[in-house]
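# Working through the structure, step by step
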Amino acid sequence: MIGLISATSAGAAARDRLAAAWPERTRVYEGPVGDAVRAAFAQCEQLVCFLATGAVVRLVAPLLGDKTSDPGVVCVDEGGRFAVSLVGGHGGGANELAREVGEVLGAEPVVTTATDAVGLPGLDTLGFPVEGDVAAVSRALLDGEPVALEAESAWPLPALKVAEEGEYTVRLTDGLVAAAEREVVLRPPSLVVGVGASKGAPVDEVLSLVEGVLRDAGLSAASVAELATVDAKSEEPGIVGAAQRLGVPLVTYSAEELAAVEVPNPSDAPLAAVGTPSVAEAAALVTGGELLVPKRKSERADGRPAMATCAVVRRPARGRLAVVGLGPGARDLLTPRAKAELRRAAVLVGLDQYVDQIRDLLRPGTRILESGLGAEEERARTAVAEARKGQAVALIGSGDAGVYAMASPALAEASDDIDVIGVPGVTAALAAAAILGAPLGHDHVSISLSDLHTPWEVIERRVRAAAEADIVVTFYNPRSRGRDWQLPKALAILAEHREPTTPVGVVRNASRPDESSRVTSLGSLDPATVDMMTVVTVGNTATRDIAGRMVTPRGYRWQAAEEGVR
């Protein structure tokens with residue numbers, strides 16, 4: 001929960017805007033400011049104070065304990081111009097909160113954390129449990145001193161400026177090792193613990209077994225990604241409680257799924273009880289991986305039969321491929337999620353001209369693999385190959401990466417051995433439509449007129465279908481020097497079903513500095529004025545030119561009713 005505190009009417013107005021934007025995330029604290037800050041500090045994970053930074057410093061100073069547990073505090077001035085990350089930049093999430101507040105209020109986020117200020121990821125913000133001398137290693141990264149990365153497995157990390165050797169080390173391991181001097185240890189989520197338990201097994205017995213098995217195997221509990229068991233045990237208090245105390249999710253599988261897993265130690269007891277010859281080993285192995293610890297039983301001090309079993313599997317590292325849509329070109333149409341994925345990537349793959357658009361958003365050390373036009377399939381293969389090496393990869397495309405862009409070839413190349421994240425973007429059709437007015441108010445379709453990959457016969461059949469169905473059509477790739485006849489042919493097909501006065505919108509370089517647009521008609525459009533940087537939108541029989549804007553009514557009944565009134 002985010003506590004909101006203000007002292008004046010101006011601050012309260014900005015506070016209320018934030019509360020209205022985040023009703024489920026925020027709580028307003030009224031009353032004397034000192035009391036409100038103390039209450040929110042004790043009850044909330046984060047605070048946004050619409051107060052002077054000096055006042056907030058004096059109020060929170062006596063409350064500060066440890067940076068790993070203190071809430072993040074953001075200050076917003078009464079003019080709503082700046083959102084200052086004051087306390088808990090990383091541990092309390094104040095840096096990211098300042099950026100989010102800035103997005104809502106139109107304020108400039110002010111982040112002074114050293115790593116954030118120069119674009120380096122904080123070692124405590126990589127999404128892994130972290131141990132060791134974070135301050136010293138971070139300082140070495142900032143100072144440009146050589147920092148070595150020792151990774152026992154290739155888990156996807158953001159770009160880090162690391163070297164093969166150095167006096168400082170970032171170590172990625174699930175082994176039960178203590179961080180050495182000048183070393184940071186990151187714990188990847190590499191371990192899956194399968195658990196079985198008799199009815200009524202105590203939480204302490206299950207937890208003690210898991211922790212003891214991990215310790216004996218030299219494995220860190222911080223690298224446990226999940227506990228896994230059979231569906232029949234999904235509400236067993238001992239297992240549920242152990243997962244909660246370890247702070248990991250409990251994942252369950254059906255008895256049929258577990259029975260199909262080959263295990264070294266099957267047993268008749270679980271087969272009779274829940275329908276599978278193995279619970280602990282099978283639940284740990286069901287998604288693949290290396291069995292590090294075969295089934296072990298708990299030990300009870302009173303000598304009574306064990307009530308819990310567990311097994312441990314190390315799952316293989318999975319690379320991460322984010323397919324990112326950059327939008328039509330304007331920076332303010334690049335989504336916050338896309339920006340976050342660009343900052344997260346260690347490897348960026350893209351068309352050279354698209355890379356140039358966002359190069360300044362990349363973190364130092366990001367490896368850039370760029371190529372020219374016509375190499376789409378090669379870029380897709382490269383991105384997938386890098387992800388399979390365990391890298392965090394961003395594959396970029398214009399507009400929405402899933403619309404005539406890189407998502408299709410990338411996903412056709414990828415298999416289930418990597419994680420794929422789609423990041424939507426504003427398409428050229430949508431950007432052009434916003435400029436033209438509201439041409440897509442009813443059913444619409446996008447058709448590419450490029451026959452480089454699709455036979456013209458197929459394209460023509462689709463254009464005819466759209467024409468006969470009276471659907472608004474947006475043409476991508478309408479005309480190039482080598483393809484100058486396709487657009488006239490497509491317009492002629494539409495003209496067989498629509499009047500010459502049908503509105504047509506033509507937008508070139510939508511949202512970019514040299515943007516141009518016009519609304520013409522089907523009978524007046526000169527195809528020679530169109531090129532590959534242009535999007536052409538042809539209205540349907542209901543589309544109208546109203547005050548120079550293309551408008552397609554939401555439904556024919558609505559239009560008929562309006563015409564009846566006239």
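Predicted model only: the values in this text are computed from it and were never measured.

## Some points on the packing of helix 7 (residues 203-216) against helix 8 (residues 237-246)
- For the pair helix 7 and helix 8, the least separation of the axes is 8 Å and the interaxial angle reads 55 degrees. Taken together, helix 7 and helix 8 sit at an angle that is classed as oblique. Crossing angle aside, the handedness with which helix 7 passes helix 8 is right-handed. For the pair formed by helix 7 and helix 8, the contact residues are Val-203, Asp-204, Val-206, Leu-207, Val-210 and Glu-211 on the first element and Pro-237, Gly-238, Ile-239, Gly-241, Ala-242, Arg-245 and Leu-246 on the second.
- Residue composition of the contact of helix 7 with helix 8, grouped by class: 8 nonpolar, 2 polar and 3 charged.

## A look at the environment of Ala-490
- Inspection of the secondary structure puts Ala-490 in helix 18 (residues 486-495).
- In sequence terms Ala-490 and Gly-372 are 118 residues apart; their C-alpha atoms lie 29 Å from each other.
- Leaving out residues up to four positions away in the same chain, Ala-490 has contacts with Leu-449, Val-463 and Phe-475.

## Some points on the state of the cysteines
- Counted by the stated rule, this structure contains 0 disulfides.
- Counting only cysteine sulfurs, Cys-49 is the nearest neighbor of Cys-44, a cysteine outside any disulfide, at a range of 10 Å.
- A relative accessible area of 8% places Cys-44 in the buried class.

## Looking at the pairing of strand 1 (residues 2-6)
- Here strand 1 lies mainly inside the structure; 5 of its 5 residues are buried.
- Covered by surrounding structure in strand 1 are Ile-2, Leu-4 and Ser-6 together with Gly-3 and Ile-5, the residues of both alternating faces.
- Where strand 1 and strand 3 (residues 46-50) come together, 5 bridges link them in parallel fashion. Counterpart to Gly-3 in the pairing with strand 3 is Leu-47.
- Pairing geometry for strand 1 and strand 2 (residues 26-28), over 3 bridges, is parallel. The residue bridging Leu-4 from the neighbouring strand is Val-28, located in strand 2.

## A few points about the pattern of salt bridges
- Scanning the entire structure with this criterion turns up 27 salt bridges.
- For Arg-15, the salt bridge goes to Glu-30, with nearest N and O atoms at 3.7 Å. Here Arg-15 is found in helix 1 (residues 9-21), whereas its partner Glu-30 is found in the loop between strand 2 and helix 2 (33-43), with 15 residues between them in sequence.
- In this structure Arg-15 comes out as buried when scored by relative accessible area, which is 7%.
- Across the pair Arg-99 and Glu-96 runs a salt bridge, and its minimum N-O distance is 3.6 Å. Here Arg-99 and its partner Glu-96 are both found in helix 4 (residues 94-105), 3 residues apart, which amounts to about one turn of the helix.
- For Arg-99, a relative accessible area of 26% translates into the label partly exposed.
- It is possible to trace a salt-bridge network through shared partners that takes in Arg-15, Asp-16 and Glu-30.

## Some points on the pairing of strand 17 (residues 347-351)
- Most of strand 17 is tucked away: 5 of the 5 residues are buried.
- For strand 17 and strand 18 (residues 367-371), the ladder comprises 5 bridges, and the chain directions are parallel. Across the sheet, residue Val-349 finds its bridge partner in strand 18, namely Leu-369.
- Taken together, strand 17, helix 13 (residues 352-358) and strand 18 constitute a β-α-β crossover, and its handedness is right-handed.
- Bridge analysis of strand 17 against strand 19 (residues 392-397) gives 3 bridges, and the strand direction is parallel. Directly across from Leu-348, in strand 19, lies its bridge partner Ala-394.

## A few points about the sheet that holds strand 24 (residues 503-508)
- What the 5 strands build is an open sheet, ordered 22-23-26-24-25; its pairing is mixed. Looking along the sheet, the strands with just one partner apiece sit at the ends: strand 22 (444-448) and strand 25 (516-521). Each neighbouring strand pair of the sheet contributes to a mean axis angle of 20 degrees, computed without reference to strand direction.
- Here strand 22 pairs with strand 23 (residues 472-476) via 5 bridges, running parallel. Opposite Ser-446, over in strand 23, you have Thr-474 as the bridge partner.
- On the sheet, helix 16 (residues 428-436) packs against strand 22, strand 23, strand 24, strand 25 and strand 26 (534-538) and is oriented at approximately 115 degrees with respect to strand 24.
- The strands touched by helix 17 (residues 456-468) are strand 22 and strand 23; relative to strand 22, the strand with the most contacts, the crossing angle is about 160 degrees.

## Let's talk about the sheet that holds strand 18
- Strand order in this open sheet of 5 strands is 18-17-19-16-20, and the pairing throughout is parallel. One side of each edge strand has no neighbouring strand; the edge strands of this open sheet are strand 18 and strand 20 (418-423). Strand after strand, the sheet turns through a mean of 15 degrees between neighbouring axes, direction not considered.
- Pairing of strand 16 (residues 319-325) with strand 20, which is carried by 6 bridges, proceeds in the parallel orientation. Residue Leu-321 lies in a different strand from strand 20, and its bridge partner there is Val-420.

## Brief notes about the side chain of Thr-276
- The residue Thr-276 is located in the loop between helix 10 (268-274) and helix 11 (280-285) in this model.
- Among the polar contacts made by the side chain of Thr-276, one reaches the main-chain carbonyl oxygen of Ser-278 at a distance of 3.0 Å.

## Focus: the side chain of Arg-483
- Structurally, Arg-483 can be placed in the loop between strand 23 and helix 18.
- Buried charged residue Arg-483 carries no salt bridge. Nearest counter-charge: Asp-451, at 4.6 Å.
- When sequence neighbours within four positions are dropped, the list of residues in contact with Arg-483 reads Leu-449, Ser-450, Asp-451, Asn-477, Pro-478 and Met-532.

## Here we look at the environment of Trp-456
- With respect to the element layout, Trp-456 can be found in helix 17.
- Owing to a relative accessible area of 10%, Trp-456 belongs among the buried residues under this scheme.
- Each C-alpha atom, one on Trp-456 and one on Gly-275, is 57 Å from the other, the two residues being 181 residues apart in sequence.

## Details of the packing of aromatic side chains
- One pass over the full model with this rule turns up 2 aromatic pairs.
- With a centroid separation of 4.7 Å and 55 degrees between ring planes, the pair formed by Tyr-404 and Tyr-476 is classed as tilted. Taken together, the residues Tyr-404 in the loop between strand 19 and helix 15 (407-413) and Tyr-476 in strand 23 connect sequence positions 72 residues apart.
- Cation over ring: Arg-25 sits above Trp-22, and NZ or CZ is 4.3 Å from the ring centre.

Definitions and cut-offs
- Residues numbered from 1 in each chain as written.
- Predicted model: local features only at pLDDT ≥ 70, side-chain atom pairs only at ≥ 80, totals over all residues.
- Heavy atoms only, no water.
- Axes fitted to C-alpha atoms, helices over the stretch in contact; angles between N-to-C directions.
- Helix = DSSP H or I, 4+ residues; strand = E, 2+ residues; numbered from the N terminus.
- Parallel < 35°, antiparallel > 145°, perpendicular 65-115°, else oblique.
- Left-handed = near helix turned anticlockwise from the far one by under 90°.
- Contact = heavy atoms within 4.5 Å.
- Nonpolar A, V, L, I, M, F, W, Y, C, P; charged D, E, K, R; others polar.
- Disulfide = S-S within 2.5 Å.
- Buried < 20%, exposed > 50% of the residue type's maximum accessible area, 1.4 Å probe, protein only.
- Pairing = 2+ DSSP bridges.
- Salt bridge = Lys/Arg side-chain N within 4 Å of Asp/Glu carboxyl O.
- Right-handed = clockwise from strand over helix to strand, strands pointing away.
- Polar contact = N/O pair within 3.5 Å; in protein donor to acceptor, adjacent residues only side chain to side chain.
- Lys, Arg positive; Asp, Glu negative; His and termini not counted.
- Phe/Tyr/Trp six-rings, centres within 6.5 Å; stacked < 30°, edge-to-face > 60°.
- Lys NZ or Arg CZ within 6 Å of the ring centre and 35° of its normal.

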